[in-house]
Amino acid sequence: CGDEFFGYTNTCCSNFHTITNFASDFINEIRNKVDGDSTIKSAVVSFATNGILESGFSEDDSATLTMLANLEYTGGYTNHQDAINFCNNQFPNDENSKNIIVLVTDGVPTRPGEGQEPSIFGLEAAEDAKNDGALILPVFVTTSYTGDQYDNSISYMQDISNAGTDQDKIWEAIDFDDLANLVS
């Protein structure tokens, strides 16, 4: 895993496994906090250059957790549009369901471009999902963002979330290891 040309061999895999561990911990934490009468279903969408539905909705946490443990890093760009659309398309058409997208990302979108700023496509997908009733919770790993780039990235995360300008509604990790602190 990684790219020896750029000098980050195995770093990506380590970071990716930290993300999948966070996702597993998040699922377990939700399960522990919800009363036994509630039905909780989870699905997993991975994304890089394209989104991929890894597992559809299931009440079987063990199947989802096993899938997360075996998920492999594919590398690529960052396509929030595909990720959000794949998630939103999985939700049942049920007014009684609470549909939540937890978008774990280490950056703003870099795909698709199609002649426009990639973030426009992520924002449009987020608006569609929110209009359909989804709650979007960005989990943003801010390892490489400083100054204006950081401010612009946080603003984007606020825009795709349901938080509006409330930065407290964005889960921010200063590095990949900090993800564990968000669910403990």
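Owing to the predicted nature of the structure, the values given are computational and were not obtained by experimental measurement. (Residues numbered from 1 in each chain as written. Predicted model: local features only at pLDDT ≥ 70, side-chain atom pairs only at ≥ 80, totals over all residues. Heavy atoms only, no water.)

**Q** Explanation requested: the pairing of strand S2 (residues 51-58) in the structure shown.
**A** The two faces of the sheet receive side chains in turn, since in a regular strand these alternate between them. Bridge analysis of strand S1 (residues 42-47) against S2 gives five bridges, and the strand direction is antiparallel. Bridge pairing in S2 places phenylalanine 47 opposite glycine 51. Hairpin connection of S1 to S2: three residues between the antiparallel strands. (Pairing = 2+ DSSP bridges. Helix = DSSP H or I, 4+ residues; strand = E, 2+ residues; numbered from the N terminus.)

**Q** How should the side chain of threonine 142 be read in this particular structure?
**A** With respect to the helices, strands and loops of the structure, threonine 142 is situated in the loop between strand S4 (135-141) and helix H5 (147-160). A relative accessible area of 8% places threonine 142 in the buried class. The residues touching threonine 142, leaving out its near neighbours within four places in the chain, are Tyr150, Glu172, Ala173 and Ile174. (Buried < 20%, exposed > 50% of the residue type's maximum accessible area, 1.4 Å probe, protein only. Contact = heavy atoms within 4.5 Å.)

**Q** Please clarify how the sheet that holds strand S5 (residues 171-173) should be interpreted in this entry.
**A** One open sheet accounts for three strands, arranged S3-S4-S5; its pairing is parallel. At either end of the open sheet lies a strand with only one pairing partner, and these are strand S3 (100-105) and S5. The sheet shows a mean angle of 15° between the axes of neighbouring strands, taken without regard to direction. Bridging between S3 and S4 involves six bridges; their strand directions are parallel. Within S4, the residue paired with isoleucine 101 across the bridge is isoleucine 136. The sheet contacts of helix H3 (residues 80-90) involve S3 and S4, and relative to S3 the element is tilted by about 155°. (Axes fitted to C-alpha atoms, helices over the stretch in contact; angles between N-to-C directions.)

**Q** Just checking my understanding: could you explain the packing of helix H4 (residues 118-131) against H5 for this structure?
**A** The axes of two packed helices give the description: the angle between them and the distance between them. Two elements in contact, H4 and H5, have axes whose closest approach is 9 Å; the angle formed by their N-to-C orientations is 25°. When the axes of H4 and H5 are compared, the pair comes out roughly parallel. Taken together, the residues of H5 that come into contact with H4 (itself represented by Ser119, Gly122, Leu123, Ala126, Glu127 and Lys130) are Tyr156, Asp159 and Ile160. When its residues are assigned to classes, the contact of H4 with H5 shows four nonpolar, two polar and three charged. (Parallel < 35°, antiparallel > 145°, perpendicular 65-115°, else oblique. Nonpolar A, V, L, I, M, F, W, Y, C, P; charged D, E, K, R; others polar.)

**Q** I would appreciate a short explanation of the pattern of salt bridges in the present structure.
**A** Opposite charge on two side chains permits them to pair, given that their charged atoms come into close proximity. One pass over the full model with this rule turns up two salt bridges. We note a salt bridge from glutamate 127 to lysine 130, for which the minimum N-O separation is 3.0 Å. Placement of the pair is glutamate 127 and lysine 130 together in helix H4, with a separation of three residues, close to one helical turn. (Salt bridge = Lys/Arg side-chain N within 4 Å of Asp/Glu carboxyl O.)

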